[in-house]
Amino acid sequence: MLTKAGSPCTGDNDAAATAPDAASPPLVFRREGTIATLQFHRPAALNAIDVPMAQALCAAARSIAADPGVRAVVLCGAGKGFMAGGDLATLREDPVQGAADLLGPLNEAATLLANIDAPVIAKVHGVAAGAGMSLMLLADFILAAEGTRFNLAYINLGTSCDVGASWALPRQVGLRRALEIALLGDTLTSADAERLGLVNQVVPADQLDAAVDALAERLAAGPTVALGHMRRLMRASFDRDLPAQLEAETRAFGDCARTADLAAGIAAFYAKEKPRFEGR
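About the thresholds
Residues numbered from 1 in each chain as written. Predicted model: local features only at pLDDT ≥ 70, side-chain atom pairs only at ≥ 80, totals over all residues. Heavy atoms only, no water. 1 Å grid on protein atoms, 1.4 Å probe; cavity = no way out; pocket = protein on both sides within 12 Å on 5 of 7 lines; lining within 4 Å. Points joined across faces, edges and corners; volume = space filled by probe spheres on them. Helix = DSSP H or I, 4+ residues; strand = E, 2+ residues; numbered from the N terminus. Nonpolar A, V, L, I, M, F, W, Y, C, P; charged D, E, K, R; others polar. Pairing = 2+ DSSP bridges. Axes fitted to C-alpha atoms, helices over the stretch in contact; angles between N-to-C directions. Salt bridge = Lys/Arg side-chain N within 4 Å of Asp/Glu carboxyl O. Buried < 20%, exposed > 50% of the residue type's maximum accessible area, 1.4 Å probe, protein only. Contact = heavy atoms within 4.5 Å. Patch = residues over 30% accessible without salt bridge, like charges linked within 9 Å, V, L, I, M, F, W, Y side chains within 5 Å. Areas by Shrake-Rupley, 256 points an atom, 1.4 Å probe, with all protein chains shown as cover. Core = buried A, V, L, I, M, F, W, Y, C linked by side-chain atoms within 4.5 Å.

(A) Representation of empty space enclosed by the protein in the model. Taken as a whole and judged by the stated rule, the model has one cavity of 30 Å³ or more. Estimates place the volume of the largest cavity at around 80 Å³. What lines the largest cavity is Leu 75, Ala 110, Leu 113, Ala 114, Val 120, Leu 135, Leu 138, Ala 139 and Arg 231. Sorting elements by how many residues they give to the lining of the largest cavity places helix H3 (residues 95-115) first, with three residues. For the lining of the largest cavity, the residue count by class is eight nonpolar, no polar and one charged.

(B) Expanded view of the sheet that holds strand E1 (residues 27-32). The six strands lie next to each other as E1-E2-E3-E4-E6-E8, forming an open sheet whose pairing is mixed. Each edge of the open sheet is held by one strand with a lone partner, namely E1 and strand E8 (201-203). Averaged over all pairs of adjacent strands, the angle between their axes in this sheet comes to 20°, without regard to strand direction. As paired elements, strand E4 (residues 120-124) and strand E6 (residues 141-145) share four bridges and run parallel to each other. Considered in E6, the bridge of Ile 121 is made with Phe 141.

(C) Here's a closer look at the pattern of salt bridges. Here the structure, examined in full by the defined rule, presents 14 salt bridges. We note a salt bridge from Arg 231 to Asp 140, for which the minimum N-O separation is 2.7 Å. In this pair, Arg 231 is assigned in helix H10 (residues 224-236) and Asp 140 in the loop between helix H4 (131-137) and E6, connecting sequence segments 91 residues apart. Its relative accessible area of 21% is what places Asp 140 among the partly exposed residues. In this structure, the salt-bridge partner of Arg 177 is Glu 180, at a minimum N-O distance of 3.1 Å. Separated by three residues within a single helix, Arg 177 and Glu 180 lie in helix H7 (residues 175-184), roughly one turn from each other. Each of Arg 42, Asp 50 and Asp 87 takes part in one network of salt bridges that share partners.

(D) Highlighting the side chain of His 229. One can find His 229 in helix H10. With relative accessibility at 16%, the residue His 229 sits in the buried group. Apart from residues no more than four positions distant in its own chain, His 229 is found in contact with Asp 117, Ala 252, Asp 255 and Cys 256.

(E) Molecular detail of a nonpolar patch on the surface. Together, Phe 253, Leu 262, Ile 266, Phe 269 and Tyr 270 line one region of the surface with nonpolar side chains, adding up to about 620 Å² of accessible area. The leading source of residues in the nonpolar patch is helix H12 (residues 260-271), at four residues. Among the secondary structure elements, Leu 262 is positioned in helix H12. On the basis of relative accessibility, which here comes to 32%, the residue Leu 262 falls in the partly exposed class.

(F) Local environment of the nonpolar core. Core analysis: the biggest nonpolar cluster contains 57 residues, and Leu 38, Val 124, Met 136, Phe 150, Ile 181 and Leu 198 have the highest contact counts within it. Here the element with the most residues in this core is helix H1 (residues 51-65); it accounts for nine residues. Apart from residues lying up to four places away in sequence, Met 136 is in contact with Phe 82, Ala 122, Val 124, Ala 128, Ile 142, Phe 150 and Leu 198. Of all hydrophobic cores here, the second largest spans 13 residues; its members include Ala 145, Leu 208, Ala 216 and Ala 220.

Here's what the structure looks like:
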């Protein structure tokens, strides 16, 4: 849906992740050790995503993709919810151009995060709706607080979905359930989401931070190159026949065989010790 030539992402580094207002950035990008956190930061609007936030997310995703030191990524929202969807003010005046301005950077960010080695975790609370649910679905792991509400919501506004929801949702819950969720536009509870397989785990709200921190640290300590190949192999398997998938697995295994992590894993196996992976 891009209408302008060139990259839709307007920043080449971390600075764009805090533009345009340093006092109230639309996205907070933190790096703690090997874990990067991207926090949607428009709490007064339930983190509804506008063009500056979309551009900041794209800039942050580009920074992460260029940084092999990042070994896990966490997506989360400030305030009372994960994300309430797209900012309708962006679409109200000129729906066609507004959609293009939002989806250009959002699609680039989604593609970048899907292709990095570092696993992506969505830490979800309050509400995940519209584009917020779409971004959530692209994560490898989704942990949600009890009481969270989910709604794909697009159909309630008279539009189809975006940011990869039509790709991710059928893969997670199956076509029949995906059509039900998308075409009816009903709100799902956290219990519904866990039952349907939309999320990996539902935890008490006061335990969500600790649960995500533990998972991020565990993944960041893993063999990052192998994790990257594994996540891409799993996602691509729906679009390949078995011979093609076997070829892809062989290439991926060959890449892993060249890493220090495989040697460390084999040595730890024979020593009956826990392996210490360096992520390379």
